[in-house]
Amino acid sequence: MPQSPDSSDQRPADRVVLAHGGGGELTRRLLAERIIPKLANDLLAPLADSAVIDAPPGKLCMTTDAFVVQPLEFAGGDIGRLAVCGTVNDLVVMGAKPLALSLALVLEEGLGLDLLDRVMDSIAAAAAEAGVVIATGDTKVVERRGADGMTVTTAGIGSLPADMPPDATTIAAGDAVIVSGLLAEHGLAVMSARKGLGIRTTLASDVAPLGGLVEAMLASGGRVKFMRDPTRGGLAGLLADLSEQLARNIELDEQALPISPAARHASELLGLDPLTIANEGKVVAVVAASDAEKVLAACRAHPLGAAAAIVGRIGETSDWPLVELLTCAGGRRIVQRPYGEELPRIC
Amino acid sequence: MAAVAEAADGARDMALMEICGTHTVSLFRSGVKSLMPPNVRLISGPGCPVCVTSCGYLDAACELAARKDVIVATYGDMVRVPGRAGSLESARGQGAAVEVIYSARDAVKLARENPSRNVVFLAVGFETTTPATAAAVLEAEAVALENFFILPGHKVLLPALEALLSAGDVPIDGFLCPGHVSVILGAAAYEPIVKKYRRPCVVVGFEPANMLEGIGLLVRQVAAGVAKVENAYGVAVSEGGNAAARRMIEQVFAPAATEWRAMGSIPASGLALRGPYSRFDARAKFGVEFGPDYEPPGCRCGEVIQGKLEPTKCALFAVKCSPTAPVGPCMVSSEGTCAAWYKYNLPRQGR
Ligand code: SF4
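All residue numbers refer to position in the chain's written sequence, counted from 1. Whichever chain is written first is A, and whichever ligand is written first is 1; the rest continue in order. Confidence filtering applies because this is a predicted model: local features only for residues at pLDDT of at least 70, side-chain atom pairs given and counted only at 80 or more, and all residues used for totals across whole chains, interfaces and linings. Excluded from the side-chain calculation are hydrogens and water; included are all heavy atoms of the structure.

### Thoughts on the overall build of chain B
No. 1: Working definition: helices are DSSP H or I runs of at least four residues, strands are E runs of at least two. Numbering for both runs from the N terminus. Within chain B, the regular secondary structure consists of 16 helices and eleven strands.
No. 2: Its C-alpha atoms give chain B principal-axis dimensions of about 65 × 45 × 35 Å.
No. 3: For every residue, the accessible area (1.4 Å probe, protein chains only) is compared with the maximum for its type, and the residue is labelled buried under 20%, exposed over 50%, or partly exposed between those bounds. By residue count, 62% of the 351 residues in chain B fall in the buried class.
No. 4: Nonlocal contacts in chain B, meaning residues at least 24 apart in sequence, comprise 77% of its contacts between residues at least 6 apart.
No. 5: Just so you have it, chain B exposes about 13100 Å², and 53% of that area is on carbon and sulfur atoms. Here, residues are in contact when the closest pair of their heavy atoms is within 4.5 Å. To be clear on the numbers: accessible area is Shrake-Rupley with a 1.4 Å probe, and residue cover counts the displayed protein chains and nothing else.

In structure tokens, the structure reads:
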């Protein structure tokens, strides 16, 4: 099990102390020894107050996200990988090419330095995987229990090709809804790593940067009209938002949903609906009906899209737009966005 | 599905009660509820552990949580249920120590890790959670743990069904009996209901196909005017159930009258700690009592859990009461009938 910040038996010297954030020698050493070398790149190298970046022609995309997750490390990933991929994917689903990220770390006093090292390694690896650099950053230390061990905030900018972002106003009845991979794996992996849940599972988070996959989908030539990553709120939250935004019904086929047996089993045990569970490393796309198979094939040909599926279609416009699920049992039910944090049930 | 339609064809109108909240949610979620022929109505029963817990119990829990020397350990669903002085969640906001746990064992662990505080576990739920509580008490006893207590609130399923039925003119034609409770009780446990009240009982799991099969069997019995116990969930439920788990419950607990939300006190429907284990009862230790039950003004959960009222008929439903701002427990609990209706059926009626 990954450790919480205060459970391993390390000497104080192996932990983050308040003085690491004091701006003195300890701060310098923390940055110089444990953080900056891992991120080494030309944009960061001058260590100036701001990074200077060549502006590409056309428009820029900008996004930011703060990451808190317990435990900090879980099967398949950690907070560092999450923070890089989360921001990269927010750019990528707009059709943008990520240029640079910023990285702000808030470390809790007492956090093990070995854990910090692992998270930094993972940030560096994920950035390399995504083909993006960390151009600027900041580190602060707060008193114990001020934060959950550590929080990571990333912001990112990307360059936007002229024909992007996809134009959701062209969405029409019959357009296909494609999901790029297995649903609910990430949320369940994190939940089951949480202490005390007592479910044993082989599930691992599949958090990953989506640049290559999205590129392949767009390169297929199919008309992709909308893309978003179904993180918090799951597929249910994403489609409920979309159906409201479009004022159109959306119909989902339960049979077609890519959900692994392990995820199905774990959500059943916990009494949770896999549609409302958080995902990472997934994209949901709305594609012109006649192009759906083409985009799906491109998706499946990519390693991150092997389990992709057409899971539903866009319906008619409506004053009370609904997302409905055609169930395996042959019935229908409504899919709404979750109301808050979904808690595992009692029995 | 064909089996249900066929069995219901030409039969009279009937109301079948799914006793437990897990079924309520599964029936909605799987779309099985939407498949019922017009003459078959599914109604929800008193099987959502949070919903049947009386307000008096909740207030006692909040009173305990307010004490500086107490950590309240509870299943997550209980945290947001409103009582007279707010919910455990609001108590936590004011500094009370309320820990959400996933099993009774975790409460024992919490007590071990916090020797200077008293841990009170909110012991609620039916036969599915009771064995775990019994095991936790036995574990605490074995290691002579001095700071572990429970607030006894467990319920026994069958006396509640009897209470429903003995009220006389009840429009329930048969019961869909919950698979997980029946694993412990055994299918034979429903025989008295069948004999005394002539209502068919079918034990059913939670898979859509199995639920449809079970409903088909139930409809067939009602249509034919017979009443017997049938077990559609034989893979998990035996005739005799899990005797070892029941023995453990019996070792620790004795049947006692207990208060149900809006149903009043029902004899032998609760569980009290037996003499040797009575020191684990938080009521005696901290001098708290379960006050009289009451309902939040306007809330009709009491009728909902007895299958007498469909949530949409409550004037507060979706007006003043929703999952984000729940008035009663049926809207709070993930297994509550009002929450299930809100989640899976509300927009169909045009918000
Ligand atoms: S809708 Fe709300 S107020 Fe009405 S019975 Fe249900 S929980 Fe109570």
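### Some remarks on the pairing of strand E5 (residues 133-142) of chain A
Residue and element names in this part refer to chain A.
No. 1: Strand pairing is assigned whenever DSSP identifies at least 2 bridges connecting the two strands. In terms of strand pairing, strand E4 (residues 97-108) meets E5 through nine bridges, oriented parallel. Note on E5: the bridge partner recorded for Leu101 is Ile134.
No. 2: Handedness of the E4-helix H3 (residues 113-130)-E5 crossover: right-handed. Every crossover in which the path from the first strand over the helix to the second runs clockwise, viewed with the strands pointing away from the viewer, is termed right-handed.

### Points about the sheet that holds strand E10 (residues 284-287) of chain A
All names here are of chain A.
No. 1: Pairing is mixed across the open sheet formed by seven strands, whose spatial order is E8-E10-E7-E11-E9-E12-E13. Only two strands of the sheet have a single partner each, and these edge strands are strand E8 (224-228) and strand E13 (332-335). Each strand of the sheet is rotated relative to its neighbour by a mean of 25°, with strand direction disregarded.
No. 2: The sheet contact formed by E8 and E10 spans four bridges and is antiparallel. Its bridge partner lying in E10, Phe226 is registered against Val286.
No. 3: Helix H6 (residues 234-246) contacts strand E7 (176-179), E8, strand E9 (248-253), E10, strand E11 (309-317), strand E12 (323-326) and E13 of the sheet and is inclined by roughly 150° relative to E9. Only C-alpha atoms enter the line fits that serve as axes; for helices the fit covers just the stretch in contact. Angles between N-to-C directions range over 0 to 180 degrees.

### Brief notes about the state of the cysteines
Such a bond, covalent and formed between the sulfur atoms of two cysteines, is termed a disulfide.
All names here are of chain B.
No. 1: By convention in this document, the label disulfide applies to cysteine sulfur atom pairs within 2.5 Å. Applying the stated criterion across every chain yields a total of one disulfide over all chains.
No. 2: The disulfide that involves Cys48 links it to Cys51, with 2.5 Å between the sulfurs. Linking Cys48 and Cys51, the disulfide has an S-S dihedral of approximately 65° and is accordingly described as right-handed. Pair check on accessibility: Cys48 and Cys51 agree, each one buried.
No. 3: No disulfide involves Cys177; its nearest neighbouring cysteine sulfur is the one of Cys201, lying 4.1 Å away.

### Points about the domain arrangement of chain A
Residues and elements named next belong to chain A.
No. 1: Throughout, the edges of the domains are those of an automatic or database domain assignment. Taken domain by domain, chain A comprises domain 1 (12-159) and domain 2 (168-334).
No. 2: Computed from C-alpha coordinates alone, the two centres of domain 1 and domain 2 are separated by 28 Å.
No. 3: Both sides of the domain 1 and domain 2 interface together cover about 1500 Å² of buried area, and 67% of this is carbon and sulfur.
No. 4: Per-residue buried area on domain 1 facing domain 2 is highest for Asn89, Val92 and Val93; these three make up 33% of the total on that side.
No. 5: What counts as a salt bridge is simple: a side-chain nitrogen of Lys or Arg found within 4 Å of a carboxyl oxygen of Asp or Glu. At the boundary of domain 1 with domain 2, the tally comes to zero salt bridges.
No. 6: Polar contacts, as used here, are pairs of N or O atoms within 3.5 Å; protein pairs need one atom able to donate a hydrogen and one able to accept it. Residues neighboring in sequence count only if both atoms are side-chain atoms. The interface formed by domain 1 and domain 2 holds four residue pairs in polar contact (both at pLDDT 80 or more) in total.
No. 7: Secondary structure elements with two or more residues in the side of domain 1 that touches domain 2: helix H2 (79-92) and H3.
No. 8: With seven residues, the top contributor of residues to the side of domain 1 that touches domain 2 is H2.
No. 9: Basically, the charged four are Asp, Glu, Lys and Arg, the nonpolar ten are Ala, Val, Leu, Ile, Met, Phe, Trp, Tyr, Cys and Pro, and anything else, Gly included, counts as polar. Split by residue class, the side of domain 1 that touches domain 2 holds eleven nonpolar, five polar and three charged. By buried area we mean how much accessible surface two parts lose on assembly, using a 1.4 Å probe and totalling the loss over both.

### Description of the site of the ligand
No. 1: Taken together, Cys299, Arg300, Cys301, Cys314, Leu316, Phe317, Cys321, Val327, Gly328, Met331 and Cys338 of chain B make up the full set of residues near the ligand.
No. 2: Broken down by class, the residue content of the shell around the ligand amounts to nine nonpolar, one polar and one charged. Summary of the distance rule: residues count as near a molecule or strand when at least one heavy atom falls within 4 Å of that molecule or strand.

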